[in-house]
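Each chain, letter by letter, is given below.
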Amino acid sequence: MTHDLLNTSIGQSEAEWQARYDRALAHTFGPPRRVLARAEGVHVWDVSGKRYTDFLSGIAVCVLGHNHPAVTQAIARQLGTVDHISNFFATVPQIELAERLAALATASAPAGTPARVFFGNSGAEANEAGFKLTRLTGRTRVVAMVDSFHGRTMGALSLTHKLAYRQPFAPLVPGVDFVPFGDVAALEAAVDGQTAAVVVEPVQGESGVVPAPAGYLAAAREITARHGALLWVDEVQCGLGRCGEWLVSVADAVTPDIVTLAKGLGNGFPIGACIATGRAADLFTPGSHGSTFGGNPVGAAAGLAVLDTLRDQHLVERARQLGDHLVGAIEALQHPLIVQVRGRGLLRGVVLSQPVASAVNDALLDAGWIVNAPRPDVLRIAPPLIVTEADLDAFASALGEALTRGNEGAGPRSGGAA
Ligand SMILES: Cc1ncc(COP(=O)(O)O)c(C=O)c1O
């Protein structure tokens, strides 16, 4: 479809679409930053035809960029063969994707370690499955992290730390204790024979792209194993190449009992996965969980196309190199507002010395760049893994200008969370 054709069919102005959005959509997100009409590769276009370079990838989703032909073709092919079936039946892509994910999660485990996958349609659903699995251990306490984010459904929200998200929905699921992220001694003190699981993000994306300190996941593995508790690693945001590793936990020499995935898995087609390894692989039994759409063949075909493309184009390794390049380009700005660039691979947080991330975010958008501000003093950058070094350099230079502009016109405006 050409851009002109799209514009003709869109018809109305940005302001008119915004007004219609305001009347028709639940007010969970605030006003949309723009109404978008088209997306391709690293670019999106709004209804007025203005082009933006998407360095957020739909919040760390489109690892292959928008409308990647491998994914759209796989989806179209699958829709034309088997579109949907009930879970009384199985399909080939569902089985193949489960095998591929199981192999990823057990890549550093002893040969023959079992792993089984439950599919849902989002990160929160993957985490609901994980939460239910922990209950099937016969224990009811879960240790989660301060500043964690695991989703907005009631179970996932119960594991999410942020008070503003939790408070209106109390009472939440009981039995969750929060410990400071990255503090081994605090974890040691919190885990005991009552603990069903410890749940941790290897990189806390929503709270400002904070990576776990080196050795923390290994320590969590050792502590949970000693107490007979499960180690559950939420790689919904950081997994599948985003951080320059297939799975951050496995790269850090840890085999989790539970890994949850979503976001990049379908490159924009909704799919989530909860992978249980070792003894956890046998906890679900017929009737203990389910989903009408979970494991649907179209999502599974999208997932397979993503995994194939990441592998064939060596994009996981490339994300690591590109991440280093991006950090180098931003640090070379030597901008007085930048305190630190943290994160892994192509999931990066630019930490600012002032709470002006929202204003800088707005200045970047005006200049045609999409990122977001998960904290008042942090910008999150998560470009598609197909970006070039030239894209990263162009972004760094736009960031330098936006930092200066944003600092001048700072005010609490946009930001946003998943
Ligand atoms: C680590 C993590 N877990 C879970 C979720 C929830 O995923 P979803 O929004 O697909 O429900 C997110 C979303 O940002 C996330 O970053």
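For the structure itself, consult the block above.
Residues numbered from 1 in each chain as written. Predicted model: local features only at pLDDT ≥ 70, side-chain atom pairs only at ≥ 80, totals over all residues. Heavy atoms only, no water.

Caption draft 1: Structural detail: the sheet that holds strand β7 (residues 195-200). An order of β4-β12-β11-β10-β7-β5-β6 is seen for the 7 strands of this open sheet, with the pairing classed as mixed. Only two strands of the sheet have a single neighbouring strand rather than two, namely β4 (115-120) and β6 (176-179). Pairwise comparison of adjacent strand axes, ignoring direction, gives a mean angle of 20° for this sheet. As judged from the 4 bridges shared by strand β11 (residues 258-261) and strand β12 (residues 272-277), these two strands associate in the antiparallel manner. Among the inter-strand pairings, L261 is bridged to a residue of β12, identified as A273. (Pairing = 2+ DSSP bridges. Helix = DSSP H or I, 4+ residues; strand = E, 2+ residues; numbered from the N terminus. Axes fitted to C-alpha atoms, helices over the stretch in contact; angles between N-to-C directions.)

Caption draft 2: Quick peek at the sheet that holds strand β13 (residues 338-344). Reading across the sheet, the 4 strands line up as β13-β14-β17-β16 and stay open at both edges, with antiparallel pairing between neighbours. The open sheet has two edge strands with one neighbour each: β13 and β16 (372-375). Neighbour-to-neighbour, the strand axes of the sheet open up by a mean angle of 30°, direction not taken into account. Pairing geometry for strand β14 (residues 347-352) and strand β17 (residues 378-381), over 4 bridges, is antiparallel. Bridging from a neighbouring strand, R348 pairs with I381 of β17. Contacting β13, β14 and β17, helix α13 (residues 315-331) crosses the sheet at an angle of about 20° to β14. (Contact = heavy atoms within 4.5 Å.)

Caption draft 3: Spotlight on the pairing of β11. Residues I258 and T260 point to one face of β11 and V259 and L261 to the other, with burial holding for every one of them. Relative to β11, strand β10 (residues 230-234) runs parallel, the two sharing 3 bridges. Each bridged residue has a counterpart across the sheet, and for W232 the counterpart in β11 is I258. (Buried < 20%, exposed > 50% of the residue type's maximum accessible area, 1.4 Å probe, protein only.)

Caption draft 4: Here's a closer look at the environment of I386. Within the secondary structure layout, I386 lies in the loop between β17 and α15 (389-408). With a relative accessible area of 29%, I386 lands in the partly exposed category. When the C-alpha atoms of I386 and H150 are compared, they prove to be 27 Å apart, with 236 residues separating the residues in sequence. I386 has contacts with G41, V42, V63, L64, G65 and L315, leaving out every residue within four places of it along the chain.

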